[in-house]
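# Notes for the structure review
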Amino acid sequence: MSTTAAPFTATILGSPRIGPNRELKRAVEKYWARRIDRAELETVAATLRRDTWSSLVTAGLDSVPVNTFSYYDQMLDTAVLVGALPPRVAGVADDLDRYFAAARGNDEIAPLEMTKWFDTNYHYIVPEIGPRTTFALNPAKVLGELEEAAAQRVPARPVIVGPITFLALSKPVDDAGAPISRLDELVDVYAELLELSAGKGVTWVQLDEPVLVTDILPNAAELAERAYARLGASTKRPSLFVATYFGELTDALPALARTPVEAIGVDLVAGSGAAVAAVPELAEKLLVAGVVDGRNIWRTDLESAIDKLANVLKSAASVAVSTSCSTLHVPYTLDAEDGIDAALRSWLAFGSEKVGEVTTLARGLKDGREAISAEIAASNEAIASRKADPRLNNGEVRTRLAAIRASGATRGPADQRRAAQQDRLKLPALPTTTIGSYPQTTAIRVARADLRSGKIDAAEYERRMKAEIADVITLQEQLGLDVLVHGEPERNDMVQYFAEQLDGFFATQNGWVQSYGSRCVRPPILYGDVARPNPMTVDWITYAQSLTAKPVKGMLTGPVTILAWSFVRDDQPLADTADQVALAIRDETVDLQSAGIAIIQVDEPALRELLPLRSKDKEAYLRWAVDAFRLSTSGVADATQIHTHLCYSEFGEVIGAIADLDADVTSIEAARSHMEVLGDLNDAGFANSVGPGVYDIHSPRVPGVDEITASLREALKSVPAERLWVNPDCGLKTRATPEVTASLQHMVTAAAAVRSS
Ligand code: GLN
Ligand code: ZN
């Protein structure tokens with residue numbers, strides 16, 4: 001057995017790595033473009049690591065996470081660590097280029113898939129485990145960072161994705177069985193790493209096992225006990241800290257506690273920690289208590305956090321204060337924001353402020369509440385100011401919402417709506433359309449930059465956007481599409497655009513958060529009651545409609561997607577906030593209808609994303625998500641056609657909810673799964689119209705007419721012609737005009753061919 005290291009008292013589970021000013025993003029992208037060499041990239045990376053660590057040490061953490069840096073993603077880093085990159089990248093000689101080839105692909109190599117990290121908006125690279133995968137330790141990155149940290153006298157604690165989570169989130173390939181069946185083999189590799197780390201003087205290692213708070217593995221607790229009993233039994237190893245986050249640890253908590261691991265991390269923001277008191281073995285362990293929210297931006301209620309700490313201290317040998325998860329999911333610092341009013345600022349804590357909260361709480365735990373009474377008073381004051389702020393309680397919104405809910409507003413039955421719409425729109429069978437956005441041209445980007453820098457005024461910006469809209473309408477008329485769109489040139493982002501115009505939201509200046517690889521997003525902060533003071537899209541859409549006799553779809557983002565891609569207030573149930581957003585979107589649909597718009601699309605690409613991690617919570621979520629969508633679309637007449645759009649996910653678990661949205665037309669990503677979703681929708685009893693994407697927009701490849709024709713014939717096996725629409729998989733904003741023009745030309749030709757046959 002190892003000699004147990006002294007317990008630490010204050011830490012975070014991981015930190016952002018993209019750089020306070022997105023330095024890593026810029027450097028990595030330059031490296032990809034071969035505008036800097038590897039040495040220059042590595043210098044940027046090492047500087048970021050050094051600055052991160054030194055600020056954490058200065059702030060007072062006594063254990064600092066390392067190996068949380070990544071050039072792309074921590075799951076991909078772990079695949080490299082355990083020798084599990086797919087054979088198809090093995091031919092790339094340079095290790096860094098091999099890594100990026102796995103992440104992004106190149107001319108010859110298809111990249112690994114990417115998917116959402118639990119219920120966050122971070123995307124990880126999905127490792128592939130096949131019969132040819134042989135695990136072998138490749139510790140260069142971990143050891144390199146440890147050496148750097150040692151040279152800087154950082155009390156370093158390497159963080160590694162744990163073996164259960166790694167395998168549970170990997171995907172089997174080449175007919176291999178479930179990756180988790182290889183757990184014992186993989187655990188041997190981890191044991192080797194532990195021994196090596198102990199030899200380098202490492203005292204603590206953190207193994208991340210968030211999968212233990214989900215229902216992904218039915219026997220998670222048993223696997224945890226087996227894997228950690230084995231790792232704990234290693235003769236030469238550092239002390240082990242198993243971190244869990246994003247939810248409540250149930251039967252896996254006693255299972256872990258029965259193993260020799262020295263520390264267990266629990267998320268006391270997403271979970272209650274109710275199980276802690278019932279696990280006697282914790283009396284021997286360090287409990288790492290995640291009381292500071294690592295994934296939302298609200299300031300911690302110090303008083304209630306210290307209560308939680310005092311409570312778990314009764315059950316554990318010692319308690320360390322921590323964030324609930326890595327602060328990867330929040331922006332670096334509030335210091336970078338100067339546009340926030342003092343009240344709102346006092347309610348917030350970004351990454352570095354959260355570190356301050358952790359050290360304050362650790363001091364309170366050690367020296368007693370009195371030692372941090374000033375901080376507690378400030379926290380209480382902020383909470384009181386938030387409660388009292390009139391922006392959090394818009395009486396008019398609440399009254400209107402209650403009245404609409406009470407009136408039970410719903411639309412007419414689907415067949416009645418279909419008849420009314422067909423009367424009005426007179427569309428051909430297999431109508432052709434697109435999902436909303438057209439290519440973001442250089443002219444659009446220049447106009448946005450010129451407006452921001454003050455080079456042009458709002459009137460000139462509007463003129464340029466209208467020119468873009470006119471071009472896109474002309475293009476669609478030339479192509480012969482049946483239902484047109486305005487192209488969304490005025491939207492930088494489909495959530496931000498609305499957040500900027502709604503009451504109750506605040507858009508940060510520098511609140512960047514990594515979404516995947518070098519891609520960052522700047523989620524708006526939804527802090528108060530939501531209301532729509534003015535129409536948000538009506539001028540653009542009516543302008544587009546004025547240019548054509550064909551119907552132009554109004555284009556809105558749905559309530560669930562707006563919540564999923566924002567930082568959302570935590571002082572009321574999400575369902576209530578969703579309803580307020582829905583009311584705002586509903587107001588917009590009513591105004592679009594009054595302006596003569598006959599078709600309105602309300603996009604919900606993030607419907608799957610907010611699905612709870614535990615099965616028992618899923619139904620309640622889907623109920624309020626569907627209710628919010630229906631509220632947002634129930635204000636219009638039967639003759640106004642409501643569309644929705646879904647993409648980015650496996651629809652399996654939400655297919656019934658998609659049917660329940662009861663949109664008149666649902667466009668849905670389908671090209672990569674070869675129309676499989678249509679059978680699933682039929683099974684769910686869906687009988688409205690559907691537009692399965694007939695080609696994948698994620699690649700620049702132009703699909704042939706025959707290919708699209710074949711897809712449509714495949715679709716017709718599941719959906720009759722009078723209910724089938726023809727459209728791409730998703731919006732076209734990431735593509736270039738020439739390929740979009742050619743692809744849509746082929747799509748229209750294929751639809752005509754199928755119609756006349
Ligand atoms: N209407 C949006 C667009 O076309 C939808 C984007 C999405 O589904 N993510 O860009
Ligand atoms: Zn989409």
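Scoring rules and cut-offs
Residues numbered from 1 in each chain as written. Chains lettered and ligands numbered in written order. Predicted model: local features only at pLDDT ≥ 70, side-chain atom pairs only at ≥ 80, totals over all residues. Heavy atoms only, no water. Helix = DSSP H or I, 4+ residues; strand = E, 2+ residues; numbered from the N terminus. Expected span 1.5 Å × (residues − 1). Buried < 20%, exposed > 50% of the residue type's maximum accessible area, 1.4 Å probe, protein only. Arc of directions from axis to C-beta. Contact = heavy atoms within 4.5 Å. Near = heavy atom within 4 Å. Polar contact = N/O pair within 3.5 Å; in protein donor to acceptor, adjacent residues only side chain to side chain. Nonpolar A, V, L, I, M, F, W, Y, C, P; charged D, E, K, R; others polar. Pairing = 2+ DSSP bridges. Axes fitted to C-alpha atoms, helices over the stretch in contact; angles between N-to-C directions.

## Topic: helix 17 (residues 458–479)
- If you check helix 17, its first and last C-alpha atoms are 31 Å apart, about what 22 residues at 1.5 Å a residue would give, namely 32 Å.
- Regarding helix 17, the residues found buried are Tyr461, Met465, Glu468, Ile469, Val472, Ile473, Leu475, Gln476 and Leu479. Projected down its long axis, helix 17 carries its buried residues within an arc of 160 degrees, all on one side. Opposite the packed face of helix 17, turned more than 90 degrees from it, sit the exposed residues Ala459, Arg463, Asp471 and Gln478.
- Here the buried face of helix 17 lies against helix 16 (442–452), helix 19 (538–546) and helix 26 (737–755).
- Two residues or fewer past helix 17, Gly480 is found with a positive phi of approximately 85 degrees.

## Quick notes on the site of ligand 1
- Around ligand 1 there are 13 residues in total, and Ser437, Glu488, Asp603, His645 and Gly731 lie nearest to it.
- Within the backbone of Ile435, one N or O atom sits 3.2 Å away from a nitrogen atom of ligand 1.
- Within the side chain of Ser437, a nitrogen or oxygen atom sits 2.7 Å from an oxygen atom of ligand 1.
- The residue inventory of the shell around ligand 1, partitioned by class, reads six nonpolar, four polar and three charged.

## Digging into the sheet that holds strand 16 (residues 553–557)
- Strand order in the open sheet made by the five strands is 16-18-19-20-21, with parallel pairing throughout. In this open sheet, the two edge strands, each paired with only one partner strand, are strand 16 and strand 21 (689–692). This sheet shows a mean twist of 20 degrees between the axes of neighbouring strands, independent of strand direction.
- Inspection of the sheet shows strand 16 paired to strand 18 (residues 599–603) by five bridges, in the parallel sense. By the bridge assignment, Gly554 is partnered in strand 18 with Ile600.

## A look at helix 5 (residues 140–151)
- For helix 5, built from twelve residues, the straight-helix expectation of 16 Å at 1.5 Å per residue is met to within 8% by its first-to-last C-alpha distance of 16 Å.
- For helix 5, the complete set of buried residues consists of Val142, Leu143, Glu145, Leu146 and Ala149. What you see down the axis of helix 5 is that its buried residues fit within an arc of 165 degrees, all on one side. With respect to the buried face of helix 5, the exposed residues turned more than 90 degrees away are Ala140, Glu147 and Ala151.
- Turning to helix 5, the residues buried within the fold contact helix 2 (38–59), strand 1 (64–66), helix 3 (74–81), strand 5 (156–161) and helix 7 (183–199).
- At the C-terminal side of helix 5, Arg153 shows a positive phi close to 55 degrees.

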